[in-house]
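Here is how the chains run, residue by residue.
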Amino acid sequence: MTSLRVVYYSADQDEDRWIPGLQAALPGAEVLLWEPGASLADYAVVWKPPQQMLDEQIGLKALFNTGAGVDALMQLRLPPGLPVIRLDDAGMSVQMAEYVCHAVIRHFRELDGYEHDMALGKWSFRKPRSRLDYPVGILGLGVLGERVAKAVAQFDFPVNGWSRSPKAVEGVQCFHGDAQLADFLAASRILVCLLPLTPETEGIVNATNLAHLRSGGHIINVARGAHVVDADLLAAIDGGHVAGATLDVFRVEPLPQGHPYWNHPKITVTPHTSARTLRSESIAQIVLKIGALERGEAVAGRVDAARGY
Ligand SMILES: NC(=O)c1ccc[n+]([C@@H]2O[C@H](COP(=O)([O-])OP(=O)(O)OC[C@H]3O[C@@H](n4cnc5c(N)ncnc54)[C@H](OP(=O)(O)O)[C@@H]3O)[C@@H](O)[C@H]2O)c1
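Below is a summary of the structure that appears in this document. (Residues numbered from 1 in each chain as written. Predicted model: local features only at pLDDT ≥ 70, side-chain atom pairs only at ≥ 80, totals over all residues. Heavy atoms only, no water.)

## Focus on helix H1 (residues 15-25)
- Looking only at H1, the buried set comprises Trp18, Ile19 and Leu22. In a view along the axis of H1, the buried residues occupy a sector of 95 degrees, so they form one face of it. In H1, those exposed residues whose orientation departs by more than 90 degrees from the buried face are Asp16 and Ala24. (Buried < 20%, exposed > 50% of the residue type's maximum accessible area, 1.4 Å probe, protein only. Helix = DSSP H or I, 4+ residues; strand = E, 2+ residues; numbered from the N terminus. Arc of directions from axis to C-beta.)

Written out as structure tokens, the structure is:
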């Protein structure tokens, strides 16, 4: 790969770690930080790039997104036909599985209640719940959702999954399409959102859909903040239909001070940390894919711009 040029840009301003990593993994290639007017490159590696970068870099063979979610990228004007390639797992699905299993088990085993009792010095035994009464529904059965569904099923919870196209995942009752959404929700008590953010999925965790869920459950949003209609979720929790929520992502991040989620006793907030991009795994994956593209081979993780994910 001697004559290749790769430009890097991240809104997180972490180029001092990514550029040396990419350079070391692509010996002979030139890896540089994108700045306005930068020379034309063969490949771009980006996170939330500015429109100007896409307008200027007219020689790209492909663009790599250093995350699984491409919703920010899909808001931009992309050169027609430019292959956009997302990270495929790259160490994220195991993180997502542990985060979601923790949240499911914490709710199911009433660990918050025991913590509260402990603070009071109280030895109080709660009647064990039946896991059959706590079916877990996963919205989105993609790279992350499927791994999460299988991990939750390992604890013998009934697991339901919902996707756009029909799926068969061992140990998971699969639903698909808008026509089966209400049945999927009615079969679930705990709801996990692992959908991409698209015009079809924005606001999907809303009053109507929450009302379909079995009561006394828990909402876990690890996808994007805009999947949830915040006022509807708060009303469902305060009204008692939903027992609580674990939220990792928000419409505005960082979550603004004073937001009702911060101090809500039934809501846990984490700072968009459920599955972080692992740099060395991601660089290894990108380098393998650049090699495959240079040989004219197909690569996994290609985004369908018309679908939006
Ligand atoms: N919180 C974090 O730290 C973090 C980290 C990484 C990713 N994420 C989020 O997680 C999301 C999911 O990642 P992924 O890698 O699993 O995505 P993915 O592989 O693209 O899978 C998306 C899943 O959602 C389904 N889907 C999409 N639109 C739908 C619709 N309108 N109706 C029903 N199902 C629909 C897809 O159905 P088909 O299978 O039929 O296509 C697929 O099963 C990302 O987009 C990102 O927003 C969050």
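Having put the structure on the table, let's press on.
## Some remarks on the environment of leucine 22
- Take leucine 22: it is sitting in helix H1.
- Spatially, the C-alpha atom of leucine 22 lies 8.9 Å from that of serine 280, the residues being 258 residues apart in sequence.
- If we skip the residues at most four places from it in the chain, leucine 22 touches Tyr8, Val31, Val45 and Ile283. (Contact = heavy atoms within 4.5 Å.)

## Topic: the site of the ligand
- Near the ligand there are 31 residues, and of these Arg86, Leu144, Ser165, Lys167 and Tyr309 occur at the shortest range.
- For the ligand, an oxygen atom lies 2.9 Å from a polar atom in the backbone of valine 143.
- Serine 274 places a polar side-chain atom, nitrogen or oxygen, 3.0 Å from a nitrogen atom of the ligand.
- Considering the ligand on its own, with 950 Å² of exposed area, one finds that the protein chains cover 93% of that surface.
- For the shell around the ligand, the secondary-structure elements that each account for two or more residues are helix H4 (92-108), helix H6 (143-153) and strand E7 (159-163).
- For the shell around the ligand, the leading source of residues is H6, giving 3 residues.
- Split into classes, the residues belonging to the shell around the ligand amount to 15 nonpolar, 9 polar and 7 charged. (Near = heavy atom within 4 Å. Polar contact = N/O pair within 3.5 Å; in protein donor to acceptor, adjacent residues only side chain to side chain. Areas by Shrake-Rupley, 256 points an atom, 1.4 Å probe, with all protein chains shown as cover. Nonpolar A, V, L, I, M, F, W, Y, C, P; charged D, E, K, R; others polar.)

## Some thoughts on the pattern of salt bridges
- Enumeration according to the criterion identifies 15 salt bridges in this entry.
- A salt bridge links lysine 61 to aspartate 42; the nearest nitrogen and oxygen atoms lie 3.8 Å apart. Placement of the pair is lysine 61 in the loop between helix H2 (51-56) and strand E4 (62-65) and aspartate 42 in the loop between strand E2 (30-33) and strand E3 (43-47), with a sequence separation of 19 residues.
- The class of aspartate 42 is buried, set by a relative accessible area of 17%.
- Here arginine 126 makes a salt bridge to aspartate 117, at a shortest N to O gap of 2.8 Å.
- Judged by relative accessible area, arginine 126 falls into the partly exposed class, the value being 25%.
- Using a relative accessible area of 3% as the deciding quantity, one classes aspartate 117 as buried.
- Each of Glu110, Asp117, Lys122, Arg126 and Arg129 takes part in a single network of salt bridges with overlapping partners. (Salt bridge = Lys/Arg side-chain N within 4 Å of Asp/Glu carboxyl O.)

## Considering the packing of H4 against H6
- Direction vectors running N to C along H4 and H6 enclose 45 degrees, while the axes themselves pass 8 Å from each other. With respect to each other, H4 and H6 are oriented oblique. Our pair here, H4 against H6, has a crossing hand that is right-handed. On H6, the residues that touch Met92, Ser93, Val94, Met96, Ala97, Val100 and Cys101 of H4 are Val143, Leu144, Arg147, Val148, Ala151 and Val152.
- Partitioned by chemical class, the residues of the contact of H4 with H6 number 11 nonpolar, 1 polar and 1 charged. (Axes fitted to C-alpha atoms, helices over the stretch in contact; angles between N-to-C directions. Parallel < 35°, antiparallel > 145°, perpendicular 65-115°, else oblique. Left-handed = near helix turned anticlockwise from the far one by under 90°.)

## Regarding the layout of surface pockets
- A volume near 400 Å³ is recorded for the second largest pocket.
- Among the secondary structure elements, those contributing two or more residues to the lining of the second largest pocket are H4, helix H5 (111-119), strand E11 (242-247) and strand E12 (267-269).
- Among the elements that make up the lining of the second largest pocket, the one with the highest residue count is E11 (4 residues).
- When its residues are assigned to classes, the lining of the second largest pocket shows 6 nonpolar, 6 polar and 6 charged. (1 Å grid on protein atoms, 1.4 Å probe; cavity = no way out; pocket = protein on both sides within 12 Å on 5 of 7 lines; lining within 4 Å. Points joined across faces, edges and corners; volume = space filled by probe spheres on them.)

## Describing the environment of proline 199
- In this structure, proline 199 sits in the loop between strand E9 (190-193) and helix H8 (207-212).
- Given a relative accessible area of 73%, proline 199 falls into the exposed group.
- Between the alpha carbons of proline 199 and proline 256 there is a distance of 24 Å; along the sequence they are 57 residues apart.

## So, the state of the cysteines
- Summed over the entire model, instances satisfying the criterion amount to 0 disulfides.
- Between cysteine 101, a cysteine without a disulfide, and cysteine 193, which holds the nearest cysteine sulfur, the sulfur-to-sulfur distance is 17 Å.
- Distance from the sulfur of cysteine 174, which forms no disulfide, to the nearest cysteine sulfur (cysteine 193) is 17 Å. (Disulfide = S-S within 2.5 Å.)

## So, empty space enclosed by the protein
- Counted under the stated rule, the structure contains 1 cavity of 30 Å³ or more.
- Lining of the largest cavity is provided by Asn221, Gly225, Val228, Asp230, Leu247, Val249, Phe250 and Tyr261.
- Residue composition of the lining of the largest cavity, grouped by class: 5 nonpolar, 2 polar and 1 charged.

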